[in-house]
Amino acid sequence: MQRVGSGFTIEIMKLLELAEKTFAVVEQADENVEIASAAGLDIAENGQVTFLANPKYTPQIKTTRASAIFLNENVEPERGDIAVLRAKDAYLAYTRALRIFNPEPEIVPFIHPSAVVHETANVAKDAHISANVVIGANCVVGEKTKILPNVTIYDNAKIGANCTIHSGVSIRENCEIGNRCIVHNNSTIGSDGFGYAKDEEKHWLKIPQTGRVVVEDDVEIGANTAIDCASVGETRIKRGAKIDNLVQIGHSCTIDEDALVCSQTGLAGSSVIGKRVILAGQVGIAGHLKVGDDAVITAKSATSHDVENGKIISGIPAFDNRDWLRSIAAFRRLGEMTRTIRDLEKRIAKMEKDEST
Amino acid sequence: MQRVGSGFTIEIMKLLELAEKTFAVVEQADENVEIASAAGLDIAENGQVTFLANPKYTPQIKTTRASAIFLNENVEPERGDIAVLRAKDAYLAYTRALRIFNPEPEIVPFIHPSAVVHETANVAKDAHISANVVIGANCVVGEKTKILPNVTIYDNAKIGANCTIHSGVSIRENCEIGNRCIVHNNSTIGSDGFGYAKDEEKHWLKIPQTGRVVVEDDVEIGANTAIDCASVGETRIKRGAKIDNLVQIGHSCTIDEDALVCSQTGLAGSSVIGKRVILAGQVGIAGHLKVGDDAVITAKSATSHDVENGKIISGIPAFDNRDWLRSIAAFRRLGEMTRTIRDLEKRIAKMEKDEST
Amino acid sequence: MQRVGSGFTIEIMKLLELAEKTFAVVEQADENVEIASAAGLDIAENGQVTFLANPKYTPQIKTTRASAIFLNENVEPERGDIAVLRAKDAYLAYTRALRIFNPEPEIVPFIHPSAVVHETANVAKDAHISANVVIGANCVVGEKTKILPNVTIYDNAKIGANCTIHSGVSIRENCEIGNRCIVHNNSTIGSDGFGYAKDEEKHWLKIPQTGRVVVEDDVEIGANTAIDCASVGETRIKRGAKIDNLVQIGHSCTIDEDALVCSQTGLAGSSVIGKRVILAGQVGIAGHLKVGDDAVITAKSATSHDVENGKIISGIPAFDNRDWLRSIAAFRRLGEMTRTIRDLEKRIAKMEKDEST
């Protein structure tokens, strides 16, 4: 059911329908209760659904004004006047509710008269091309894709269906973007990799960067991020990977499915990041490495070695996270440790002297 | 008084007037001396005012060709042929002189015919809108605000008076910029925060980012910086904060008044940076933290814990700066320390053996 | 010789001609063999030239399908059915071959009707100005320079001949770009430096940034990089320097000839980087430093001190690379070292006690 508000539609949903759509079960309260939106425990109001995922916030269940709450199994609400939606993963169910109550706006088929679309470009009829967008020769733009103002798409680039390309983005020649991708503002996809050979006079001779970037389906790329084309072949961002703001991805890297690359992380060339890997903020990855599936590199760390599947590593250079935690604890007392060792040396020297006399 | 040069005006000012406008006192020389501009000690010429702030450069007072000099209290010029402007803070007074002699150019009311301004946008009559700017529905642009070419302002954004928005900037839907703000080129304000829930198949499900960014008065934001909107509510940059180039500010953060966030610093989500805090270059701040007023985090450091007011911290992870200085001094000799400990172990083992026999 | 393929020309070259143009010598096989392109050892096909630089890949010589191979002196192919091009530096010769087989496309003289070029700007007749480019008053654009869409060039900027300025770039007022420069997408050249004086109320007062950026010949600048103008005078990037993506160069810095500044490196103000210096990825350089010619600062390192010519340094703060390698090896065992010291203390205390009794 939809009710029309000031210029946009608001979803209103019966509790039972919400439960079905979020794969939850109504455990307590009237299934006909109506929910209009979703909000956090502390700010939710009557008519809203909320959630509890972190046990730290359990006491807030007592005081929330929400009408309904997603709860993980084994968590008791300890009050009867709130609807309980039981879920395997309350946070995930709540995210689904948020997506229901905050749907993406409909794409209105449109080409702004100021857009410069090359005559050979193939733009789907129901795409939305905003003001001052420039689309080069032989480009393809898929159905229901929205391109915001001042975007530049170079020749022979291909963008799939249901994408959103935000203002200021540049997509370079021959690059390919899958379906349902989002690229945030001012990011660059397909700029030249950083490759030079040193000549006889110690000047740098540019190595042609003739490859491209392929971004598969369901990838999101943050703002002001730069992804270099391959020197030869492809830089590839695989299905479902998420790239944050201000990230650098060097030429010929592969980011595998469902990997998370957090803000300001940088990858040199030709590295392969495995499935579901998490590179936390400001991480550095040297060239020609393999980071195994499900590995985690914690924030501000860097590695110049391969990383095994599932490992959690930290530090510069990074090693096992638990060892690193011990090392950094000791590092804080390193000044003191220096003095202790000097003291031990003196005491040993004294004993040695005593012994010899 | 103004004299017109080649296309721009030059301020010429009597020493007395300059002193008044910079809150300084003429202590030596004729108050009718005319000053036309300001320059550093080593390059200043006749007709210019200079300054001494760092005692290291005191000998240069003898050789400067400047006509006048701002001096802190207790600093003697030791020559009589230079006008002395005594100030509580010579550097501040000199900065005021620089601002007098390098005024911002006047804003010429203007809308370039290529600008695409939505019919519902409210642009002040004396604003300056350059070529290829795109301004969305219901936007507000205040008086004497200048928007340079190729800027995109999404629907429902609001920009105050006397701002400068440089070319290539994107300001996303619903965001708000105060008065007298400067946003440098290619920065992004209001891109989506980096938030996902993991679904049953270990794919990332995007959490709607429905909040916005509010930038208060007198904020300056550098080039190629990204400030994410809040997931819900506001990311807020408070009055007088200064943000450098290539900075990442995650969703729902608050940067309090007069904080300095230097280049390439990154903040994960929901952290609160106190008043007058300095985050030096390439600092990392984890999520959900509070950095207290007047704290300083030195360059390349990172913290995943709250920071007390006024603390200076360093390192990854960061701790008290003085302890860190001791630790890094010891770290340089850590290879040697390892050998020392091994040697001590042997000597102790030998003595233990001797003792037992 | 050129053969025309599907829309672009392909170079086909006799082995002897290729050898001459790459300063190599044909050592084995028919000089009339024709080569059409260049590719890596593992993917090269018949009709292609390849190379061996890293001895690790020597076994691949036996299996490559390439028709010719560049080899360093003293490397034997150990098969007679491949043409050998002997070179002093096989990698350099191969790079030259790549450049021959992947020439830059010809610049077509052109000004798109949507470009906004100020009447006082001086654009060379054979320059290529794309859609939605904005060029300010008194600008100069040199011969055969190509400016891609949505670029903004502020007043009084000057761009030399044979440059490529990619989409989304902003070049600020008074800046100057030499000949044969490439600036990748969404970079900013000449934004204000980050300079403030603290006033009596602890607010930051902006110091006017009145200088500019000068980029000399043969410089390449990556995507989403920010180079600040000098506060006074010039920030200067000298001949042949190469700057990667997402780099920050603060006001009044000098990057000397043939320096390499890798991705996400940041320089505070007024530092001087010497000739052929390599700043690896994510390096930090504090203000007012001098990094000597041929020095190398390894990835993720930072320095707040001058660096001698030719030194290789690492760490935060950085010191001699070999010492650092020893320190980080010890750092991994620092938790264990703490326990060892505690154990030694106990054993010494026991012996001291024994001795005194």
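Remember, predicted model here, so these are calculated numbers, not experimental data.

**Student:** Describe the overall build of chain A, and please don't skip the residues or the numbers.
**Tutor:** Each helix and strand counted, chain A has four helices and 42 strands in total. A globule of 357 residues ought to have a C-alpha radius of gyration of about 21 Å, yet chain A, at 27 Å, is considerably larger. Seen through its C-alpha atoms, chain A measures out along the principal axes to roughly 100 × 70 × 30 Å. Expressed as a percentage of its 357 residues, the buried residues of chain A come to 59%. Residue pairs at least 24 apart in sequence account for 18% of intrachain contacts in chain A once pairs closer than 6 positions are excluded. Accessible surface, chain A: about 14800 Å² in total, of which carbon and sulfur atoms supply 50%. Between the averaged position of the 40 positive side-chain charges in chain A and that of its 48 negative side-chain charges there is a distance of 5 Å.

**Student:** Tell me about the relation of the copies chain A and chain B, and name the residues and values.
**Tutor:** In the superposition of chain A on chain B (RMSD 0.1 Å, axial shift 0.0 Å), the rotation amounts to 120 degrees. In short, the pair behaves as if placed about a three-fold rotation axis.

**Student:** Give me the state of the cysteines: which residues, what numbers.
**Tutor:** Counted by the stated rule, this structure contains zero disulfides over all chains. Free of any disulfide, Cys253(A) has its nearest cysteine sulfur in Cys229(A), 12 Å distant. Residue class for Cys253(A) comes out buried when judged on its relative accessible area of 0%. You can see Cys181(B) has no disulfide; the closest cysteine sulfur is in Cys163(B), sitting 4.7 Å from it.

**Student:** I'd like a rundown of unusual backbone geometry, residues and numbers included.
**Tutor:** The residue after Ile316(A), namely Pro317(A), is reached through a cis peptide bond having omega -5 degrees. In this structure, Pro317(A) sits in the loop between strand 41 (312-314) and strand 42 (319-320). Here Gln264(A), not a glycine, exhibits a phi torsion of approximately 65 degrees, which is positive. Structurally, Gln264(A) is set in the loop between strand 33 (260-261) and strand 34 (266-267). You will see that Lys144(B), though not glycine, has its phi angle at about 60 degrees, which is positive. As for its position among the elements, Lys144(B) is in the loop between strand 15 (140-141) and strand 16 (146-147). Residue classification places Lys144(B) among the partly exposed positions, given a relative accessible area of 30%.

**Student:** Quick rundown of helix 3 (residues 321-332) of chain C? Include the residues and the values.
**Tutor:** Residues and elements named next belong to chain C. Along its twelve residues, helix 3 runs 17 Å from first to last C-alpha, staying within 8% of the 16 Å computed at 1.5 Å per residue. Taken together, the buried positions of helix 3 are Asn321, Trp324, Ser327, Ile328, Ala330 and Phe331. By the N-cap criterion, in which a side-chain oxygen at the helix start approaches the backbone nitrogen of a residue two or three places on, helix 3 is capped by Asp320, the distance to Arg322 being 3.0 Å.

**Student:** Explain the sheet that holds strand 4 (residues 25-28) of chain A to me, using residue names and the numbers behind them.
**Tutor:** Residues and elements named next belong to chain A. Across the sheet, five strands lie side by side as 4-9-8-7-6; this open sheet has mixed pairing. Each end of this open sheet is capped by a strand with a single partner; those strands are strand 4 and strand 6 (37-38). Against the sheet, helix 2 (residues 90-101) touches strand 6, strand 7 (48-52), strand 8 (68-72) and strand 9 (83-87), its axis set at about 155 degrees to strand 7.

**Student:** Describe the confidence of the model for chain A, listing the residues and the values that go with them.
**Tutor:** All names here are of chain A. Overall, the prediction assigns chain A a mean pLDDT of 94, with 97% of residues at 70 or greater. Long-range and interchain partners of residues 1-8, a stretch whose pLDDT sits below 50, account for twelve contacts in this model, where long-range means more than four residues apart. Here the complex is predicted with pTM 0.96, and the ipTM for its interfaces comes to 0.95.

**Student:** Give me the lowdown on helix 4 (residues 334-356) of chain A, citing residues and values where you can.
**Tutor:** Taking 1.5 Å as the rise per residue, helix 4 of chain A with 23 residues should run 33 Å; its terminal C-alpha atoms sit 33 Å apart, in good agreement. For helix 4 of chain A, every residue scored as buried is listed here: Leu334(A), Gly335(A), Met337(A), Thr338(A), Thr340(A), Ile341(A), Leu344(A), Ile348(A) and Met351(A).

**Student:** An account of the side chain of Thr303(A) is requested, with residue identities and associated values reported.
**Tutor:** All names here are of chain A. Looking at where Thr303 falls in the secondary structure, it is placed in strand 40 (residues 302-303). Of the polar contacts made by the side chain of Thr303, one reaches the backbone oxygen of His305; its length is 3.0 Å. Filtering out sequence-adjacent residues up to four positions away, Thr303 remains in contact with Gly284, Ile285, Ala286, Leu289, Ile297, Ile313 and Ala318.

**Student:** So what's going on with empty space enclosed by the protein? Which residues, and what values?
**Tutor:** The tally for this structure, following the rule as stated, stands at six cavities of 30 Å³ or more. One number sums up the size of the largest cavity: a volume of about 420 Å³. The set of elements that each furnish at least two residues to the lining of the largest cavity consists of helix 3 (321-332) of chain A, helix 3 (321-332) of chain B together with helix 3 of chain C. When its volume is computed, the second largest cavity comes out at roughly 150 Å³. Considering the residues around the second largest cavity, the lining is formed by Leu246(A), Gln264(A), Gln282(A), Lys300(A), Leu246(B), Gln264(B), Gln282(B), Lys300(B), Leu246(C), Gln264(C), Gln282(C) and Lys300(C). Per-class residue counts for the lining of the second largest cavity are three nonpolar, six polar and three charged.

**Student:** Can you explain the pairing of strand 23 (residues 188-191) of chain B? Please cite residues and give values.
**Tutor:** Residues and elements named next belong to chain B. Across two bridges, strand 20 (residues 170-171) lies against strand 23 in parallel orientation. Bridged to Ser170 within strand 23 is Thr188. As paired elements, strand 23 and strand 28 (residues 226-228) share three bridges and run parallel to each other. Note that in strand 28 the partner of Thr188 across the bridge is Ala226.

**Student:** Which residues make up a positive patch on the surface, and what values do they have?
**Tutor:** On the surface, a cluster of positive charge is contributed by Arg333(A), Arg339(C), Arg342(C) and Lys346(C). As for its position among the elements, Lys346(C) is in helix 4 (residues 334-356). Assessed through its relative accessible area of 60%, Lys346(C) is described here as exposed.

**Student:** Please give an account of the packing of aromatic side chains that cites residues and values.
**Tutor:** The full count for this structure, using the stated rule, is 15 aromatic pairs over all chains. Judged by centre distance (4.2 Å) and plane angle (25 degrees), the rings of Phe51(A) and Tyr94(A) are stacked. Taken as a pair, Phe51(A) in strand 7 and Tyr94(A) in helix 2 lie far apart in primary sequence, 43 residues in all. For Tyr94(A), a relative accessible area of 6% puts it in the buried group. Measuring from ring centre to ring centre gives 5.7 Å for Phe51(B) and Tyr91(B), while their planes differ by 45 degrees; the resulting arrangement is tilted. One end of the pair, Phe51(B), is in strand 7 (residues 48-52); the other, Tyr91(B), is in helix 2 (residues 90-101), and 40 residues separate them in sequence. The exposure class assigned to Phe51(B) is buried, which follows from its relative accessible area of 17%. Note on Tyr91(B): relative accessible area 33%, which makes it partly exposed.

Rules behind the numbers
- Residues numbered from 1 in each chain as written.
- Chains lettered and ligands numbered in written order.
- Predicted model: local features only at pLDDT ≥ 70, side-chain atom pairs only at ≥ 80, totals over all residues.
- Heavy atoms only, no water.
- Helix = DSSP H or I, 4+ residues; strand = E, 2+ residues; numbered from the N terminus.
- Rg over C-alpha atoms; globule rule 2.2 N^0.38 Å.
- Buried < 20%, exposed > 50% of the residue type's maximum accessible area, 1.4 Å probe, protein only.
- Contact = heavy atoms within 4.5 Å.
- Areas by Shrake-Rupley, 256 points an atom, 1.4 Å probe, with all protein chains shown as cover.
- Lys, Arg positive; Asp, Glu negative; His and termini not counted.
- Charge placed at Lys NZ, Arg CZ, Asp CG, Glu CD.
- Least-squares fit on C-alpha atoms with pLDDT ≥ 70 in both.
- Disulfide = S-S within 2.5 Å.
- Expected span 1.5 Å × (residues − 1).
- Polar contact = N/O pair within 3.5 Å; in protein donor to acceptor, adjacent residues only side chain to side chain.
- Pairing = 2+ DSSP bridges.
- Axes fitted to C-alpha atoms, helices over the stretch in contact; angles between N-to-C directions.
- pLDDT = per-residue confidence, 0-100.
- 1 Å grid on protein atoms, 1.4 Å probe; cavity = no way out; pocket = protein on both sides within 12 Å on 5 of 7 lines; lining within 4 Å.
- Points joined across faces, edges and corners; volume = space filled by probe spheres on them.
- Nonpolar A, V, L, I, M, F, W, Y, C, P; charged D, E, K, R; others polar.
- Patch = residues over 30% accessible without salt bridge, like charges linked within 9 Å, V, L, I, M, F, W, Y side chains within 5 Å.
- Salt bridge = Lys/Arg side-chain N within 4 Å of Asp/Glu carboxyl O.
- Phe/Tyr/Trp six-rings, centres within 6.5 Å; stacked < 30°, edge-to-face > 60°.

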